[in-house]
Every structure is written in structure tokens, then in C-alpha cells.
Amino acid sequence: MINPKTPASADVPPIWAPGIIGAPTPKIARVRDYWLGGSHHLATDRRLAEQFTLCAPQLPYLVRTHRDFLRRAVTRLVRDGVHQFVDLGSGMPTVGNVHEVAQRLTPECRVVYTDIDPVVVTESRELLAGDDRTAYLHADVCRPEQILDSPELRGLLDLDEPVALLAVDVLHHVPDSAGPAELLTTYVNALGPACQVALSHTCRHEQMLDAIGLYSDIYHEPVPEFAFRSAAEVGDLLTGFEVVEPGLVPIPLWLPDADTEPDQNPEHFSGCAALARRR
Ligand SMILES: C[S@@+](CC[C@H](N)C(=O)[O-])C[C@H]1O[C@@H](n2cnc3c(N)ncnc32)[C@H](O)[C@@H]1O
């Protein structure tokens with residue numbers, strides 16, 4: 001029997017992705033899972049992850065930094081009485097993703113995950129099978145109606161109760177031409193007056209741009225455009241929102257855990273995070 005916790009070899013189809021046969025194309029979502037310490041990656045993903053890590057050692061750190069923010073933000077929101085989440089651009093729901101963090105604190109928490117990548121969606125649905133407090137939508141963050149009008153969201157969430165919108169490490173996939181600030185407002189307005197948004201954004205940084213150059217050299221799939229914004233530009237996305245304490249800050253400094261010393265070395269990260277609500 002295949003142990004679902006065991007990382008799959010190149011030859012054995014993993015139990016969470018039974019359709020995969022032989023050596024599949026590596027996926028960035030599984031590379032991220034590997035960096036996060038998960039078990040949903042294949043030999044080809046691990047090889048790609050090691051290549052990236054050699055060339056751009058800050059990438060695994062950045063992935064963990066965003067995921068750590070997600071954990072702290074969801075924990076804070078659940079403690080504040082928010083038990084419903086809409087997560088934009090979720091990637092694989094493994095290793096401390098929203099439902100794991102939230103349901104550990106309050107089992108009835110409900111989560112609508114979304115992603116544009118059909119492979120990520122299919123594999124994620126396998127992973128979430130049996131959890132009727134989660135749904136995983138195949139949707140484009142730039143098409144809010146695909147998420148907000150979906151029967152899955154309408155069936156799972158009660159919009160008369162508080163909902164949090166999570167935009168963690170995803171808005172760099174949304175170009176200015178798609179109106180990211182207007183999109184945030186559309187989501188938050190539709191998700192009820194108590195809706196809060198937790199946002200983290202990778203910022204423009206020379207190391208990041210170098211890493212993306214390598215990404216396109218190493219990763220043999222079309223590489224999307226990235227909109228890495230400055231911290232001031234990320235702040236502009238929240239115009240019209242009230243940003244709550246501690247404000248828009250470098251990701252490790254957003255309510256760090258009491259027992260850890262936040263990493264303040266600017267070489268190690270290039271991103272900022274905030275929690276905001278409607279004015
Ligand atoms: C950097 S990962 C972040 C995953 C997760 N939010 C986290 O913090 O671990 C970005 C994810 O957004 C997805 N994505 C990219 N463009 C998107 C779009 N237009 N709509 C929805 N998801 C998108 C990608 O497929 C990927 O899984």
C-alpha cells in the first residue's frame with residue numbers, strides 16, 4: 001500500500017494524484033510543497049526545487065515566509081471570531097494551509113480555496129476529499145464572478161457571518177491592467193460588511209528579478225508575467241481600506257510569534273503584509 005505521507009518516487013503514481021504515470025512535468029505548486037516540508041511532490045519536482053535553491057537560495061525562504069504569515073493571519077482572524085475564508089490563488093492546500101490552521105482552532109471553520117491552474121485544482125481536490133467544510137474552485141482571481149457566484153461558495157459560506165479574504169503571495173500574478181485594487185474592493189464588498197482581507201505581496205527586488213530570470217531558464221513551461229510591486233504600490237492596493245495594527249510591514253514583522261525573533265535581514269525577504277477591513 002502507498003503511504004500518502006511518503007513523497008512519491010518518479011515511478012510510483014502517488015495516491016493523491018493517481019492519474020500521473022511515468023515521469024511527469026514538474027509543477028511549481030509541488031516544488032513549493034517540497035520547500036514547505038510537505039509530502040506532495042515527485043522526484044521531478046524535487047530535482048527542480050534543488051536547481052532553484054542552488055541558483056536562488058532566497059526562494060524557499062520567501063515561500064515559507066508567506067506561508068508563516070498565512071498561519072499567523074488565520075490564527076488571529078479565528079481568534080477574532082472569523083470562521084469563514086476565501087483563499088485566492090491557494091496552490092496546494094498542504095502543510096499549514098488555511099483549513100489546517102483554522103480547523104485546529106475551531107473545527108467548524110470553512111474554506112473556499114481557488115486556483116487558476118487545473119492540475120493544482122485536481123490534485124488539491126484529491127487531497128481535500130472527505131472534508132465537507134472545504135471546497136476548491138478552478139477560478140481566475142481576475143474574474144471575481146467565477147468565485148463569488150459559484151454554487152460551492154454560496155453553499156458553503158454564510159455571508160451574513162464574518163468572512164476573511166486571503167490574498168497571500170498571489171497578487172504579483174495580477175497585472176495593473178487587471179485592476180488589482182478594484183478586484184480587492186469587489187471581493188470585499190461581496191463578502192459582507194465584516195469582511196477583512198489578509199494580504200501579503202512579494203516586492204520588487206533585484207534578487208527577485210534575478211530569480212525570475214533563472215526561473216524561465218530552468219522551468220520548461222511558459223513563464224507568466226509577474227507584477228512585483230514596491231511596498232508603496234502594495235499600500236496603494238489598500239486605498240479605501242483601514243489597515244489594522246501593525247500596518248503594512250515587512251512580512252516577518254507582521255505580528256511575529258512571541259517566542260521567535262523575527263528575521264530582519266532585508267537580504268532574506270522582499271515582501272510586505274497587512275490585514276485590512278472596509279472603512
Ligand atoms: C505563489 S503561489 C501562492 C500559493 C498560496 N497562496 C501560498 O501562499 O502558499 C500562487 C498561486 O496562485 C495561482 N495563480 C496564479 N495566477 C492566478 C490567477 N489569475 N487566478 C487564480 N490563481 C492564480 C498559481 O497557480 C499558484 O498556485
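Below: a short report on this structure. (Residues numbered from 1 in each chain as written. Predicted model: local features only at pLDDT ≥ 70, side-chain atom pairs only at ≥ 80, totals over all residues. Heavy atoms only, no water.)

1. Points about unusual backbone geometry
In most cases, non-glycine residues show a negative phi, while peptide bonds are predominantly trans.
Logical step 1: With an omega dihedral of 5 degrees, the bond running from glutamate 245 to proline 246 counts as a cis peptide bond.
Logical step 2: Mapped onto the fold, proline 246 is located in the loop between β6 (241-243) and β7 (249-250).
Logical step 3: For valine 95, which is not glycine, the phi dihedral falls at a positive 45 degrees.
Logical step 4: Tracing the sequence through the fold places valine 95 in the loop between β1 (84-87) and α4 (98-105).
Logical step 5: We note that leucine 255 has phi near 40 degrees; this positive angle belongs to a residue other than glycine.
Logical step 6: Within the secondary structure, leucine 255 sits in the loop between β7 and β8 (271-278). (Helix = DSSP H or I, 4+ residues; strand = E, 2+ residues; numbered from the N terminus.)

2. What to know about the site of the ligand
Logical step 1: Near the ligand there are 15 residues, and of these Arg32, Arg67, Gly89, Asp115 and Val141 occur at the shortest range.
Logical step 2: Residue glycine 89 places a main-chain N or O atom 2.8 Å away from a nitrogen atom belonging to the ligand.
Logical step 3: Considering the ligand on its own, with 610 Å² of exposed area, one finds that the protein chains cover 89% of that surface.
Logical step 4: Residues that form the shell around the ligand fall into these classes: 5 nonpolar, 4 polar and 6 charged. (Near = heavy atom within 4 Å. Polar contact = N/O pair within 3.5 Å; in protein donor to acceptor, adjacent residues only side chain to side chain. Areas by Shrake-Rupley, 256 points an atom, 1.4 Å probe, with all protein chains shown as cover. Nonpolar A, V, L, I, M, F, W, Y, C, P; charged D, E, K, R; others polar.)

3. A few points about the pairing of strand β3 (residues 134-138)
Logical step 1: Burial analysis of β3 places 4 of its 5 residues in the buried class, which makes it a mostly covered element.
Logical step 2: As paired strands, strand β2 (residues 110-115) and β3 are joined by 5 bridges and run parallel to one another. In the strand pairing of β3, aspartate 115 is matched with histidine 138.
Logical step 3: A crossover connection joins β2 to the parallel β3 through helix α5 (residues 118-128); in handedness this β-α-β unit is right-handed. (Buried < 20%, exposed > 50% of the residue type's maximum accessible area, 1.4 Å probe, protein only. Pairing = 2+ DSSP bridges. Right-handed = clockwise from strand over helix to strand, strands pointing away.)

4. Quick look at helix α8 (residues 180-190)
Logical step 1: Among all positions of α8, only Pro180, Leu183, Leu184, Tyr187 and Val188 are buried. Relative to the axis of α8, the buried residues are bounded by an arc of 125 degrees and lie together on one face.
Logical step 2: The inward-facing, buried residues of α8 contact α6 (144-148), β4 (164-168), β5 (196-202), α10 (231-237), β6 and β8.
Logical step 3: Of the residues trailing α8, glycine 192 is marked for its positive phi of about 100 degrees. (Arc of directions from axis to C-beta. Contact = heavy atoms within 4.5 Å.)

5. Remarks on the pattern of salt bridges
Logical step 1: Counted according to the given criterion, the structure contains 12 salt bridges.
Logical step 2: Between aspartate 68 and arginine 72 there is a salt bridge; the shortest N-O distance is 3.9 Å. With a gap of 4 residues between them, aspartate 68 and arginine 72 both fall in helix α3 (residues 58-79), about one helical turn apart.
Logical step 3: When its relative accessible area of 9% is taken as the criterion, arginine 72 is described as buried. (Salt bridge = Lys/Arg side-chain N within 4 Å of Asp/Glu carboxyl O.)

6. Quick look at the pairing of β8
Logical step 1: Counting buried residues in β8 gives 6 out of 8 residues, a clear majority hidden from the surface.
Logical step 2: Judged from the 7 bridges that link them, β5 and β8 form a sheet pairing that is antiparallel. Note on β8: the bridge partner recorded for serine 200 is alanine 273.
Logical step 3: Here β6 runs beside β8; their pairing, made up of 3 bridges, is antiparallel. Paired with valine 243 across the two strands is alanine 276, which belongs to β8.

7. Here's the deal with the packing of helix α1 (residues 28-35) against helix α2 (residues 43-55)
Logical step 1: Viewed as axis vectors pointing N to C, α1 and α2 meet at an angle of 70 degrees, and their least axial separation amounts to 9 Å. Classified by the angle their axes make, α1 and α2 are roughly perpendicular. Residues Ile28, Arg30, Val31, Tyr34 and Trp35 of α1 pack against Asp45, Arg46, Leu48, Ala49, Glu50, Phe52 and Thr53 of α2.
Logical step 2: Along the lines of polarity and charge, the residues of the contact of α1 with α2 split into 7 nonpolar, 1 polar and 4 charged. (Axes fitted to C-alpha atoms, helices over the stretch in contact; angles between N-to-C directions. Parallel < 35°, antiparallel > 145°, perpendicular 65-115°, else oblique.)

8. Concerning the nonpolar core
Logical step 1: In terms of nonpolar packing, the biggest core is built from 34 residues, with Val86, Leu88, Leu165 and Leu184 touching the most fellow members.
Logical step 2: Taken together, the elements giving at least two residues each to this core come down to β3, α6, α7 (151-156), β4, α8, β5, α10 and β8.
Logical step 3: By residue number, the principal contributor to this core is α8, which donates 4 residues.
Logical step 4: Setting aside its immediate chain neighbours within four residues, leucine 88 contacts Thr114, Val141, Ile147, Leu165, Leu166, Ala167, Val170 and Tyr187.
Logical step 5: Membership of the second largest hydrophobic core comes to 30 residues, among which are Ala29, Ala164, Val244 and Ala273. (Core = buried A, V, L, I, M, F, W, Y, C linked by side-chain atoms within 4.5 Å.)

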